[in-house]
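# Structure at a glance
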Amino acid sequence: QPTTLPTTKSINLPIFMFAGGAVGNLIAIIVLSVSRQQRKSSAFYTLVCGLAVTDLLGTCLASPITIANYLNPNVLLDQHVCEFQSFLLLFFGLTGLSIICTMAAERYLAICCPYTYQRWGVDRRFAQKLLLFIYISHIFFCCLPMMGMANSTLQPSETWCFIDWRKHDPVSTTYFVLYSVVSLLLILGTILLNLAVCGALLMMRQRVVQLPVTRGSVRERWRALSSAAETQMIAVLVMTSVVVLACSAPLVVRVFANCFSDEKNFKADLAAIRIASVNPILDPWIYILLRKSLFRRFLGLSRRGSSSRSSSPPLTQTTLFTTSIVKDSSVFTQLMCNASIITQLPATVTFTPRDTERASSRLDSAE
C-alpha cells in the first residue's frame, strides 16, 4: 500500500493537464462552430479552428499514453510505443508553433500589406491549403527519427519518451540542431510579426489623431475605429507572444543545451516538456474566448457607458458607426485597409478642409 501513494500523487498532474486541454479545446471548437458564417469563411477563423483541432488531437493522443505509463511502468518500455510518443511530442509541438506563426503572418498581411493580402486571395481555402502543407511537411520531418536519423528513448524520469539527445553522432546532432533552429525561427517570427502589427496599429492611431481634420465627425469616426481595432489586436497578439515564448522556449533551450553540453539536467528536461504541454491548455482561452466573447462584451459595455454619459449628436453617431463596423466585417476590413494607406503617406501630404468634406460625404453615402 505505501508504494501506491507516490503513483497516486504523481498521476494527478497528467490527468489534470489532459482534462484541461481536452475541455478547453472542446469549448473553443464549440464557440467556433456557432460563429457567424461570415467569420467561418475567413482565413483567420480557419487557422484558429485548425489550431484548436491540433491542440485537441495532441492532448487526446499523447496524454493517455503518459497516464497509462503511470499506471503501468512497462508501457513505455515497448520501443514502438516509445517512438510513437516521441513522434507525437515532436509533431504537435512543431505544428502548434507553425500554425501560430501562420496566424501572425496572416494578421500582418491583413493590417500592414492589404493589397498583397487581396492579391494573393487569402481566404478560407488558402488557409486550408496552408494547414494541409503544414501537416504533411511536419509529419515527414518528425518521422525522420523513426527512419534512422535519430533514436527515441525513455527519459530518466521514466514517464515520457523523446529523442535521445545524449547521443552525439553527427546525424543525430544534425537533427537535434535542425529541430531546434526551426522551432526558434518560428518563435522569433511570431514575436516579430506581432510586434510589427502592434507598431503599425499604434502608428495608425497616432497619425490619424494628428491629422488636421476640421469636421469632428470624421475625426471621431476614425479615432473610434482605430482605438477599437488597436485595443483588440494588441490584447490578442501580446498574449500570443507571451504564451508562445513562455511555453515553447524552455524545451528549445533544453534541446540546444543537451546537444552542446555534456552536463545533463533531467529535472529541467522534465519541467520543459511539462511547460510545453501547458500550451494546448492556454491556447483556446486566448485565441477564442478572449478575442470573441469576453473582449466583445467588454467593448459592448464600454460603448453603452460612453453613449449614456454623452448626448451630443457627433458622439452618438460615432457610437452607432462603430457598432455597425464591428458587426460588418467587410466594411471593417475596407476601412482598416484605408487606414493602412494613410499611415504609408509621406509626412509632406496634408489634408485640406475640402478633402475632409469629400471624405465625409463618401463615408455618409457608404452608410
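Up top you'll find the structure we're talking about.
A quick note: this is a predicted structure, and the numbers were derived from the prediction, not measured.

As enumerated under the stated definition, the model contains 1 disulfide in all. The side chain of Cys82 participates in a disulfide bridge whose partner is Cys161; the two sulfur atoms lie 2.2 Å from each other. Here the S-S torsion is close to -115 degrees, and the disulfide linking Cys82 with Cys161 is therefore left-handed. You can see Cys82 sitting in helix H5 (residues 79-112) and its partner Cys161 sitting in strand E2 (residues 161-163), a full 79 residues away along the chain. Side by side, Cys82 and Cys161 carry an identical accessibility label, which is buried.

Counting residues in hydrophobic clusters, the biggest one holds 56 residues, and the most contacted among them are Leu90, Met103, Phe141, Trp160, Phe162, Tyr175 and Phe176. Sort the elements by how many residues they give to this core and H5 lands first, with 15 residues. Other than its neighbours up to four places away in sequence, Leu90 contacts Cys142, Pro145, Phe162, Ile163, Tyr175 and Tyr179.

Quick look at helix H4 (residues 43-71) now. Each turn of an α-helix holds 3.6 residues, which means side chains three or four residues apart point in the same direction. An ideal rise of 1.5 Å per residue puts 42 Å on 29 residues; H4 measures up with 42 Å between its terminal C-alpha atoms. Burial within H4 is extensive, with 21 of its 29 residues counted as buried. One side-chain oxygen at the N-terminal end of H4 lies 3.2 Å from the backbone nitrogen of Tyr45; it belongs to Ser42.

Here the focus is the packing of aromatic side chains. The final tally for this structure, using the stated rule, is 6 aromatic pairs. With centroids separated by 5.0 Å and ring planes inclined at 80 degrees, the aromatic side chains of Phe91 and Phe92 adopt a geometry described as edge-to-face. Like Phe92, Phe91 is buried. Between Trp160 and Phe162, the aromatic rings sit 5.8 Å apart at their centres with planes inclined by 45 degrees, giving tilted as the arrangement. Residue classification places Trp160 among the buried residues on the basis of a relative accessible area of 5%. With relative accessibility at 0%, the residue Phe162 sits in the buried group. Among the aromatic residues, those joined into a ring-pair cluster are Phe87, Phe91, Phe92 and Tyr135.

Thresholds applied
- Each chain carries its own residue numbering, running from 1 in the written order of its sequence.
- Totals for whole chains, interfaces and linings use all residues, but because this is a predicted model, local features are given only for residues with pLDDT of at least 70 and pairs of side-chain atoms are given and counted only at 80 or more.
- Remark: hydrogens and water are excluded; side-chain values derive from all non-hydrogen atoms of the structure.
- Here, two cysteine sulfur atoms that lie within 2.5 Å of each other are counted as a disulfide.
- Only DSSP runs of H or I reaching four residues or more are called helices, and only runs of E reaching two or more are called strands; each is numbered from the N terminus.
- Note on exposure labels: buried denotes an accessible area under 20% of the residue type's maximum, exposed denotes more than 50%, and partly exposed covers the range between, all computed with a 1.4 Å probe on protein chains only.
- Definition of nonpolar core: a set of buried residues of the types Ala, Val, Leu, Ile, Met, Phe, Trp, Tyr and Cys, connected through side-chain atoms within 4.5 Å.
- Contact between two residues is taken to exist if any of their heavy atoms lie within 4.5 Å; hydrogens are not considered.
- Expected helix span is given by 1.5 Å per residue-to-residue step, counting one fewer step than there are residues.
- For the purposes of these results, a polar contact is taken to be a pair of N or O atoms within 3.5 Å, where, inside protein, one atom must be able to donate a hydrogen and its partner to accept one; residues adjacent in sequence count only when each atom of the pair is a side-chain atom.
- Stacked, tilted and edge-to-face are the three classes assigned to paired rings of Phe, Tyr and Trp, where Trp is represented by its six-membered ring and a pair needs centres within 6.5 Å; plane angles under 30 degrees give stacked, over 60 edge-to-face, the rest tilted.

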